[in-house]
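# Observations on the model geometry
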Amino acid sequence: MKNLFFGIICFITLCTLLTNTSSARSNQGKTLFKKNCIRCHSLSKSMNKWKTMDSWKKVVERMRRKKPKLYTKDEGDEIAKYLYSVRGKN
Ligand code: HEC
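This text gives an overview of the structure that appears in the document. (Residues numbered from 1 in each chain as written. Predicted model: local features only at pLDDT ≥ 70, side-chain atom pairs only at ≥ 80, totals over all residues.)

## Re the site of the ligand
Quick note on the threshold: To decide nearness, the C-beta atom of each residue is placed from the backbone, and the residue is near a molecule or strand if that atom lies within 6 Å of it. Strands are runs of DSSP state E lasting at least two residues, helices are runs of H or I lasting at least four, and both sets are numbered from the N terminus onward. Each residue is assigned to one of three groups, with Ala, Val, Leu, Ile, Met, Phe, Trp, Tyr, Cys and Pro labelled nonpolar, Asp, Glu, Lys and Arg labelled charged, and all others, Gly among them, labelled polar.
The immediate surroundings of the ligand are formed by 16 residues, with Cys37, Cys40, Met63, Lys66 and Lys67 found nearest. Among the secondary structure elements, those contributing two or more residues to the shell around the ligand are α2 (44-47) and α3 (53-66). No other element matches α3, which puts five residues into the shell around the ligand. Of the residues contributing to the shell around the ligand, the split by class is seven nonpolar, three polar and six charged.

## Focus on the environment of Gly76
Put simply, the rule is: Counting other C-beta atoms within 10 Å of a residue's C-beta gives its exposure: the residue is buried at 20 or more, exposed at 12 or fewer, and partly exposed in between, where C-beta atoms are placed from the backbone. A residue pair is marked as a contact if its C-beta atoms, positioned from the backbone, fall within 7 Å.
Turning to its location among the elements, Gly76 is positioned in helix α4 (residues 73-87). Residue class for Gly76 comes out buried when judged on the 21 C-beta atoms lying within 10 Å of it. Put simply, Gly76 and Val59 are 17 residues apart on the chain and 9.7 Å apart in space, counted from C-alpha to C-alpha. What Gly76 contacts, discounting residues up to four positions off in sequence, is Val60, Glu61, Arg64 and Tyr71.

This is a description of form; function is not addressed.
This is the structure in structure tokens:
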């Protein structure tokens, strides 16, 4: 009985940890998007488009080439993931 109780507590803790890290990651993409993608044009330039994951990655990489010091390739991937999560199409 004690073991079952302990197991349930572990399970709940693990679930909380997992949800927290994944939402922290998408928050990072959102923060990076809001910080970097407003430098040259409005955010609505992206927000009125629907793209596949591949197209978002290509756009973010094309934007990065214009000003490579703004964000790294990895940060670009986080931005692409965020954009796909809110403006993704299949
Ligand atoms: C250095 C300036 C600059 C930055 C920073 C920048 N953009 Fe752009 N963006 C442009 C210019 C210039 C165009 C128009 C020419 C073109 O499409 O390459 C454009 C066009 C776009 C378009 C329309 C073209 C298409 O293929 O749909 C989207 C969407 C876009 N940007 C999204 C973003 C996102 C997302 C970011 C941040 C990751 C970003 N931009 C950062 C300069 C910038």
